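Tertiary structure, described
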Amino acid sequence: MHKNSNIDHWLRNFDYTLSSSENDEPKVATQNTYHFRYQLSSSSSYQPTVKVEILFARALKSGKVRVYKPFNDSVSNLHLLDDTTKTLLMQLKGMQSFYKSGNYYYDQGKYQLAGKEGEEILLKMIETGRCYWDKNSVELHQGPEKTAEWHWQLHNDNGTQTLCYHQGNDVMHLFTIQNTWYCNEQTGEIGIMQTGVDLQILPNLLSLSKVPMEDAVKIAKVLQKHHKKLPVKAPQVAAQELESVKPIPCLRLFQTSIKEYQEGKRRLEIVSTLKPAAELSFDYKGIIMPLESKNTILHYAKKGQIFSIKRDLVKEQEYLGVLTEAGWKLTSSMPYPFNALNSSELRCLLMDKEGDPIQFSGSVVPKLQAEDWRIDIAEDYPYRIIHDTIDEWYSTLDEESSYDWFGLELGVTVKGEKINLLPVLQKVLHELQSRQLEAPSQTPQELIKKESESIFAEISDGRYIQLPADRLQSILNVFIELYDKESLTEDKKLRLSNLHAMRLLELEKALGAAQLRWVGGERLRKMGEKLSQFSGIQIVQPPPEFQGELRPYQVEGLSWLQFLREYDLSGVLADDMGLGKTVQTLSHLLLEKMSGRMQRPSLIIAPTSLMFNWQMEAERFAPQLKVLLLHGTVRKELFENMDSYDLILTTYPLIVRDKEILLKKDFYYLILDEAQCIKNAQSKAAQIATQLKAKHRLCLTGTPMENHLGELWSLFNFMMPGLLGDRHQFNRLFRNPIEKNSDYERRAHLNRRIAPFLLRRTKDKVVEELPDKVEMIRHVELSGPQRDLYETIRISMQKKVREHVKQLGLNRSHIIILDALLKLRQICCDPRLLKIPAAQKKHAESAKLELLMTSLTELLEEGRRILLFSQFTEMLGLIEKELDQKKIRYVKLTGQTKDRKTPVQQFQQGEVPLFLISLKAGGTGLNLTAADTVIHYDPWWNPAVENQATDRAHRIGQNKTVFVYKLVAKGTVEEKILEMQRNKHALMEGLFSEAETSKLKMTDKDLQSLFDPLE
């Protein structure tokens, strides 16, 4: 039988004390009292004495009383006391010399009362009306003398007994001074109680708490031995006959904090973790016996009698075995590192590695309940299962007001409660994909077939729902390609593009047997039906009003743009540079206007250098489009009339300045040319472009990605926010696996996701449809200091030329005219070519050089091999510095180059992609068929010289189409000369011939045109 060491100690001490006690009167010392509020408190149950503490309260000016606190009995505070209190306090302080007598001591402001003087002090305190028991608010008053009524109180739940000295439920305190006193905490009554028990053994009796039945026998023997000296009867003893009772297993499931060893950086560390836990106990006729209890005999009380039950240890082990088979182990027997060093529960059960708490909660617990186990599941238990039947399946579609998106929620209702299953499906799919790594030949659907009839999936509130495996397999057949493990929105909906609308039909078929109930989304369901019947992009021809002829691949591009418009989708036209993205876009916009669908303006945002190119191309190919150029300081005057135009042109820097106006507008098309300009999604231009409102969005770029996949994400974030997730999700799901790990599956998944929205054709795919040589002019506008310098030199040189012509005549002013034009051409190329201090210090910016570097980056990214010509050797030097900063490899050939063979071989053999050539040194005599691109940085006035330079690449042996670009400063002398090249070819040959005998053939009108001011 289990021994209670506390009871054994009590028995030895009590028997010894009673046997050897002597009736010696205790020594009592003279004792004084103290001040204001007197608060009594008992010492302990083993020493039932009483202590007194003086509490002080100060009255505030507001009339309120401060909270009581121990009184500071220093001399400086004595003047606060009234005479009575001061006398009592001085008596108490004077009594401190009796500390060693045992009748009185002072302990941190508390005074213990003893002896006759102690009782006199107590009575004086009671008379003041300011005496209280502990923190109770009831004032103490003297009551009548009472006699203790000793009896044993029997507890029915477990048969324990408690020795009591009074009747009723009031809290009654006993303490000794000279006599034994009682204090009723509820009524405030205090007085002397006759206990009939010697004061020396009274503490022993009072220290008895609940006495178990096995200890009651021992206590009974001792009390019977001394029954003549005690008014206390022996406790009850149970009958010897034992009952046989079948225990009812009680299982409590909860969560507990376990401390266990884990490997640290240098040594084992103790770490606290939350784990599912179980506690097993047994019900014997209402007596709950914990599994870890050592008692084999149980007791209970009924109608004042005590009965005994013998535990069925064999049956208890059988019940424990059921849990052990399910994976539960006692903490004391758990293997390392699962041995609990500390737990909030004693000897609780923990699930080992081989166990499955979800399957236990979902499958085993219902079986145990059917076998009359009592199961108590705490709210914090992490595997609570919903066992109720699913009422219905539902799907909710929320169509967004902007862009091409809808939010899908799929769920079930259980007892009227709606449960969103998308997070559930997300976790199930992720778990199946993780398990698929162990069995690569099996799909997630095949893995589901191996499951039981049901799968338990966690929902948002921590509970688990039971889903039929066959139904789950049908759903995953539809959803497996739609989203990844981190693709849900904050409100737990699946954000899909309209292109996925036809998946709704598949979902409806998959859940048809469940009588799926749809909520909203009628337009999307109709779109799904339309997409399900989609057989391919229909070829669309440009409208009759289009002033030009599209090549076959450009017709396909127009048809693709029309397809996107028809299905309210956005896209990226990413053809190589020079394949006519501008022309395809203009034909598309013109078709929209002619069909009557374009009822409001479309906005095109492009680099400043392309503004005039768009303006001229629109005038050339689609003159029916009314174009507004928002550029320069005069643009603010045009804001009010924006709605009367078809096409509005502006630049990336200007949308930042004009955002308040533009953000208020609702455009038909929002088109970004050179869309890589928003590759940094954190830039102001990118953020504002994303906020602009438009029915359709389109990106034009030959390089949708220059450096990394984050730039591609930025474009799609502008067109269709959410298609590729937020930046964090995209980096985790695509960018990091593809760029760092070369994950082919991730790359293929990304390609599938963006394929419908991106059209890219390279030159090698359309070369058969292109002529042998394609010439293009790239315009750039001078601005800022460069523009000011041009105007300053133009005015001064125009005056100088007029004076010479007036004095010498036009034909004799050849040299001064060429000098003036040279200076203007140098400014167009780069102000630093002009050897004057103002140009060197204040006008170092070059719009054309900026355009060149942007174009070179794009062309080289496309894999182009480039010849770059300039008449000015010094200009090539400035370009070299820019190339060095960007770490672009190149070779160079000028009049100073002694070894011409080496750079030619390096270029022809593919060692470098860029060849810098001065027009005079390399315009003839070279065979550079490795090149497919020619750039004339500063177009030569004589077209024949330009053609000769171009022919370095465009010659016999060339098997690639050659693209020729001319960089021309808009509105300057460069553009004027090009016009003369087209209209007066003979005139230009005469003007710029290098022969000394050439004569200038020019009219005064021609001369005036060359010096026209910038617009």
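The structure this text deals with has already been given above.
What counts and how
- Every chain begins its residue count from 1, and numbering advances along the sequence as written.
- In keeping with the predicted nature of the model, local features appear solely for residues at pLDDT of at least 70, side-chain atom pairs appear and are counted solely at 80 or more, and the whole-chain, interface and lining totals rest on all residues.
- The basis for every side-chain value is the complete set of non-hydrogen atoms in the structure, without hydrogens or water.
- Only DSSP runs of H or I reaching four residues or more are called helices, and only runs of E reaching two or more are called strands; each is numbered from the N terminus.
- Only protein chains enter the accessibility calculation, which uses a 1.4 Å probe; a residue whose area is less than 20% of its type maximum is buried, one above 50% is exposed, and one in between is partly exposed.
- Whether two residues touch is decided by their heavy atoms; if any such pair falls within 4.5 Å, the residues are in contact.
- Aromatic rings from Phe, Tyr and Trp, taking only the six-membered ring of Trp, are treated as a pair when their centres fall within 6.5 Å; an angle between ring planes under 30 degrees marks them as stacked, one over 60 as edge-to-face, and anything in between as tilted.
- Helix span is expected to be 1.5 Å times the residue number reduced by one.
- Each pair of strands is called paired provided DSSP finds at least two bridges between the two strands.
- Axis definition: a line fitted to C-alpha atoms, over the contacting stretch in the case of helices. Angles run 0 to 180 degrees between N-to-C directions.
- Salt-bridge detection follows one rule: a side-chain nitrogen of Lys or Arg within 4 Å of a carboxyl oxygen of Asp or Glu.

Another aspect to go through is the overall build of the chain. Along its length, the chain carries 33 helices and 44 strands. Classification of the 1015 residues of the chain by burial places 51% in the buried group. Sequence separation of at least 24 residues holds for 68% of the intrachain contacts in the chain that already meet a minimum separation of 6.

Within this structure, the stated rule accounts for 11 aromatic pairs. Look at W328 and F360: their rings are 5.5 Å apart centre to centre, the planes differ by 75 degrees, and that puts the pair in the edge-to-face class. Of this pair, W328 sits in strand β20 (residues 328–330) while F360 sits in helix α7 (residues 357–370), and the two are 32 residues apart along the sequence. Of the two residues, W328 and F360, neither departs from the other in class, the shared state being buried. Each residue in the set F282, Y319 and W373 is aromatic and connected to the rest through ring pairs, giving one cluster.

Look at helix α14 (residues 581–594): 20 Å from first C-alpha to last across 14 residues, which is about the 20 Å you get at 1.5 Å a residue. α14 sits mainly inside the fold: 12 of its 14 residues count as buried. Taken residue by residue, α14 has K581, T582, V583, Q584, T585, L586, S587, H588, L589, L590, L591 and E592 as its buried positions.

In this section: the sheet that holds strand β19 (residues 305–310). Strand order in the open sheet formed by 3 strands is β14-β19-β18, with mixed pairing between adjacent strands. Each of the sheet's edge strands pairs with one partner strand only, and the pair in question is β14 (242–244) and β18 (297–302). Strand after strand, the sheet turns through a mean of 40 degrees between neighbouring axes, direction not considered.

We now examine the side chain of T582. One can find T582 in helix α14. Residue classification places T582 among the buried residues on the basis of a relative accessible area of 15%. With near-sequence residues (within four places) excluded, T582 lies in contact with W614 and E617.

Take the pattern of salt bridges next. Counted according to the given criterion, the structure contains 24 salt bridges. R832 serves as the salt-bridge partner of D830, at 2.9 Å between the closest nitrogen and oxygen. Using a relative accessible area of 0% as the deciding quantity, one classes D830 as buried.

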